[in-house]
Amino acid sequence: MSKNLTSRSEDYSKWYNELVVKADMAENSAVRGCMVIKPYGYAIWEKMQAELDRMFKETGHQNAYFPLFVPKSLFEAEEKNAEGFAKECAIVTHYRLQNDPDNEGKLRVDPEAKLEEELIVRPTSEAIIWNTYKGWIQSYRDLPILVNQWANVVRWEMRTRLFLRTAEFLWQEGHTAHATKEEAWKETKLINNVYANFAENFMAIPVVQGLKTESERFAGAEETMCIEALMQDGKALQAGTSHFLGQNFAKAFDVKFTNKEGKQDHVWATSWGVSTRLMGALIMTHSDDKGLVLPPNLAPNQVVIVPIYRNDEQLEEITNVANNIMSDLRAKGVSVKFDNRTTHRPGAKFAQHELQGVPLRIAIGPKDLENGTVELARRDTLTKEIVSLDNLADIVKNLMTEIQDTLFNKALSFRDSHITEVDTFDEFKDVLEGKAGFISAHWDGSSETENKIKELTKATIRCIPIDNKAEEGKCVLTGNPSKQRVLFAKAY
RNA sequence: CGGGGUGUAGCGUAGCCCGGUUAUCGCGCCACGUUUGGGACGUGGAGGCCGCAGGUUCGAAUCCUGCCACCCCGACCA
């Protein structure tokens with residue numbers, strides 16, 4: 001392993017790929033486009049899952065699990081949804097292998113074992129879930145249904161990148177059913193708020209909440225809300241989406257209920273999801289040329305203690321001090337690891353923990369034993385200070401909050417300084433090619449204009465921010481009248 | 001899926017154009033010793049179906065064909 005990462009300025013995407021692998025989060029597998037998430041990366045994902053799961057349950061949702069496979073006839077029922085995902089589906093056509101008579105020791109697909117009906121490996125689960133909901137709903141008394149599932153899905157992507165776009169990925173998908181349009185809309189917004197809250201307060205990633213334009217909308221949705229984040233290279237990343245599905249799926253799957261007035265009506269629906277792509281957002285928001293930088297909320301180990309010693313007696317003394325520190329920290333809910341490996345020298349440990357983004361390092365050496373101190377090294381600021389053992393646990397506990405806040409504020413000021421208002425198309429192109437980031441510009445509201453801008457610049461409308469103020473203006477491309485600005489950016 | 005590139009030990013690589021001893025070097029790995037406040041040093045050692053499958057040839061890492069994977073640029077996408 002070479003010692004240093006490629007720097008971000010040298011080659012951003014190489015930096016990203018190296019970082020994911022060297023920090024031991026994930027690696028490519030023997031399966032095209034599919035990754036192995038390694039224990040360290042998975043531990044971070046589990047932190048995200050735990051918090052999101054808590055938030056979903058707090059807002060009244062329950063977990064369930066639906067099948068990996070979707071019969072083709074169900075998959076095609078909601079036309080737009082089917083069309084949207086058709087190009088990237090894995091399909092099961094057979095159910096048995098046999099010894100290959102022409103090729104000793106090899107297997108082949110048994111031609112006799114062809115399925116009557118092909119099974120689609122879910123790229124998303126609306127179809128199988130709405131087919132199921134049909135049997136669960138007769139009356140308004142059966143509503144709402146507020147269900148989430150943690151699952152894997154498969155989308156046969158042409159170009160894959162670890163965490164950002166893999167052929168198989170892990171996610172959660174919520175699927176809710178409601179008696180009224182208003183209630184379904186409320187749910188859509190509620191979840192988008194949950195996502196924004198989670199991104200900002202837990203992951204320290206500032207996001208813009210907004211609505212997608214028609215062409216960026218989820219296939220089968222009437223409206224798509226989203227949270228959009230900005231990466232350090234000035235590209236936007238869609239971090240989560242919450243869809244208002246109207247009655248599209250209820251109609252496609254004939255899910256009706258009897259309302260209070262005794263009349264039949266189709267159910268209103270939402271669906272919403274975030275995926276392991278959030279790992280990519282995490283990495284590209286906070287990390288630096290030394291490696292991963294983790295907000296304390298997401299760190300598998302918030303603190304690591306590294307002993308520096310010349311002999312066994314010293315190590316023993318340091319171990320005693322470390323044990324005391326650990327029990328104090330754990331009592332305050334801070335996770336801590338004592339890196340007492342004898343196989344690595346301190347410098348190597350420092351470098352490794354920096355690469356892996358541990359928020360705070362405590363080093364204890366002979367000088368500290370003498371003085372009753374430890375050395376604290378912050379990953380976010382790369383600063384070091386010597387502090388007394390007195391009140392250490394309180395200091396560390398407070399530092400966790402401070403590091404979390406510092407990371408958020410740093411990302412926020414980067415993001416805010418990369419939202420540029422432009423009023424001409426020349427400016428638009430200049431900003432896009434130079435400073436990058438979000439561009440706030442007037443748009444005439446037509447898909448044609450949106451597509452034209454995409455063709456000309458590769459920038460897409462990331463969203464129409466929900467807190468947009470009304471402002472008369474002229475479309476940056478066509479000069480047609482516009483009532484508000486929208487956010488453009490190149491995106492992942 | 002279209003264009004370009006790359007595949008040699010765990011990682012990074014030389015050799016390939018112009019076929020011919022035992023496939024080069026660095027890191028990492030193992031053993032022993034000395035070390036330990038920012039990626040240690042010395043000595044010794046192990047590790048290779050040269051991406052996979054065919055073909056040409058007396059002989060292939062090297063030439064030819066097919067396939068696979070990865071990277072970059074497009075199209076697609078969370």
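Colleague: Please give an account of a nonpolar patch on the surface that cites residues and values.
Modeller: A cluster of nonpolar side chains, namely Leu-97, Leu-107 and Val-109, defines an oily patch on the protein surface of about 290 Å² accessible area. Here Val-109 is to be found in strand S7 (residues 107–109).

Colleague: Tell me about the domain arrangement of chain A, and name the residues and values.
Modeller: Its domain assignment divides chain A into domain 1 (12–70 + 130–286), domain 2 (298–409) and domain 3 (419–489). Look at where the C-alpha atoms of domain 1 and domain 2 centre, and you get two points 36 Å apart. Taken residue by residue, the interface counts 18 residues in domain 1 and nine residues in domain 2. Between domain 1 and domain 2, a total of about 1200 Å² is buried, with carbon and sulfur atoms accounting for 67% of that surface. Of all residues in domain 1, Tyr-40, Lys-47 and Ala-204 bury the most surface against domain 2, accounting for 39% of the area lost on that side. Examining the composition of the side of domain 1 that touches domain 2, we find that five residues originate from one element, helix H2 (residues 39–58), more than from any other. Taken together, the residues of the side of domain 1 that touches domain 2 break down into 12 nonpolar, two polar and four charged.

Colleague: Describe the sheet that holds strand S4 (residues 69–71), naming the residues involved and giving the relevant values.
Modeller: Read across the open sheet, the three strands follow the order S4-S8-S5; overall the sheet is antiparallel. Both outer strands of the open sheet, S4 and strand S5 (91–94), are each paired with one neighbouring strand and no more. Across the sheet, the axes of successive neighbouring strands diverge by a mean angle of 35°, strand direction being ignored. Bridging between S4 and strand S8 (residues 114–121) involves three bridges; their strand directions are antiparallel. Across the sheet, residue Val-70 finds its bridge partner in S8, namely Ile-120.

Colleague: An account of the packing of aromatic side chains is requested, with residue identities and associated values reported.
Modeller: Per the counting criterion, the structure on display carries 16 aromatic pairs. Their ring planes at 90° and their centres at 5.7 Å tell us that Phe-169 and Trp-171 sit as a pair that is edge-to-face. As far as burial versus exposure is concerned, Phe-169 and Trp-171 are alike and both buried. Connected via pairs of aromatic rings, a cluster forms that spans Trp-45, Phe-56, Trp-150, Tyr-195 and Trp-272. Arg-8 extends its terminal NZ or CZ atom over the ring of Trp-15, reaching a point 5.9 Å from the ring centre. Here the guanidinium or amino end of Arg-361 rests over the ring plane of Phe-350, the centre of that ring lying 3.9 Å away.

Colleague: Any chance you could break down the sheet that holds strand S22 (residues 419–421) for me, citing the residues and the numbers?
Modeller: Taken together, the 11 strands give an open sheet; going across it, the order is S3-S9-S10-S16-S13-S12-S11-S24-S27-S23-S22, and neighbouring strands pair in mixed fashion. Each end of this open sheet is capped by a strand with a single partner; those strands are strand S3 (62–63) and S22. Direction of pairing for strand S13 (residues 236–246) relative to strand S16 (residues 268–275): antiparallel, over a ladder of five bridges. Looking at the pairing, Thr-241 lines up with Gly-273 of S16. The sheet contacts of helix H5 (residues 126–133) involve strand S9 (145–154), strand S10 (168–178), S13 and S16, and relative to S10 the element is tilted by about 35°.

Colleague: Describe helix H10 (residues 346–355), and please don't skip the residues or the numbers.
Modeller: Turning to H10, its buried residues are Lys-349, Phe-350, His-353, Glu-354 and Leu-355. Looking at the packing, one finds that the buried side of H10 touches helix H1 (12–22), strand S17 (303–307) and strand S19 (360–364). Of the residues one or two after H10, Gly-357 is the one with positive phi, at around 80°.

Colleague: Tell me about the packing of H1 against helix H8 (residues 277–286), and name the residues and values.
Modeller: Two elements in contact, H1 and H8, have axes whose closest approach is 11 Å; the angle formed by their N-to-C orientations is 115°. Judged by the sense of rotation from one axis to the other, the crossing of H1 with H8 is right-handed. Note on element contacts: H8 touches H1 through Gly-280, Ile-283 and Met-284, opposite Tyr-12, Trp-15, Tyr-16, Leu-19 and Val-20. In the contact of H1 with H8, the residues fall into seven nonpolar, one polar and no charged.

Colleague: Could you give an account of the pairing of strand S27 (residues 485–489), naming the residues involved and the relevant values?
Modeller: Within S27, five of the five residues are buried, leaving the element largely enclosed by the surrounding structure. Along S27, one buried face is formed by Arg-485, Leu-487 and Ala-489 and the opposite face, lined by Val-486 and Phe-488, is buried too. Here strand S23 (residues 438–442) pairs with S27 via four bridges, running antiparallel. By the bridge assignment, Ala-441 is partnered in S27 with Val-486.

Colleague: An account of the state of the cysteines is needed here, citing residue identities and associated values.
Modeller: Scanning the model with the defined rule gives zero disulfides in all. The cysteine Cys-226 is free of any disulfide, with Cys-463 supplying the nearest cysteine sulfur at 4.6 Å.

Colleague: Pulling in residues and values, what's your account of unusual backbone geometry?
Modeller: Omega for the bond connecting Leu-143 with Pro-144 falls within 30 degrees of zero, at -5°, which places this linkage in the cis form. Note that Pro-144 resides in the loop between H5 and S9. Of note in this structure, Ala-204 is not a glycine but carries a positive phi near 60°. Residue Ala-204 is classed as buried on the basis of its relative accessible area, which comes to 0%. For Asn-391, which is not glycine, the phi torsion reads 60° and is therefore positive. Relative to the helices and strands, Asn-391 resides in the loop between strand S21 (384–388) and helix H12 (392–416).

Colleague: Got a sec to walk through the pattern of salt bridges? Specific residues and values, please.
Modeller: Following the criterion strictly, the structure yields 26 salt bridges and no others. One salt bridge in this structure joins Glu-51 and Arg-54, with 2.9 Å as the shortest N-O distance. Here Glu-51 and its partner Arg-54 are both found in helix H2, three residues apart, which amounts to about one turn of the helix. A salt bridge links Asp-339 to Arg-341, with the shortest nitrogen-to-oxygen separation between them at 2.8 Å. By relative accessible area, which is 2% here, Asp-339 ends up buried. It is possible to trace a salt-bridge network through shared partners that takes in Lys-212, Glu-216, Glu-228 and Arg-462.

Cut-offs applied
Residues numbered from 1 in each chain as written. Chains lettered and ligands numbered in written order. Predicted model: local features only at pLDDT ≥ 70, side-chain atom pairs only at ≥ 80, totals over all residues. Heavy atoms only, no water. Patch = residues over 30% accessible without salt bridge, like charges linked within 9 Å, V, L, I, M, F, W, Y side chains within 5 Å. Areas by Shrake-Rupley, 256 points an atom, 1.4 Å probe, with all protein chains shown as cover. Salt bridge = Lys/Arg side-chain N within 4 Å of Asp/Glu carboxyl O. Helix = DSSP H or I, 4+ residues; strand = E, 2+ residues; numbered from the N terminus. Domains from an automatic or database assignment. Contact = heavy atoms within 4.5 Å. Buried area = accessible area lost by both parts, 1.4 Å probe. Nonpolar A, V, L, I, M, F, W, Y, C, P; charged D, E, K, R; others polar. Pairing = 2+ DSSP bridges. Axes fitted to C-alpha atoms, helices over the stretch in contact; angles between N-to-C directions. Phe/Tyr/Trp six-rings, centres within 6.5 Å; stacked < 30°, edge-to-face > 60°. Buried < 20%, exposed > 50% of the residue type's maximum accessible area, 1.4 Å probe, protein only. Lys NZ or Arg CZ within 6 Å of the ring centre and 35° of its normal. Left-handed = near helix turned anticlockwise from the far one by under 90°. Disulfide = S-S within 2.5 Å.

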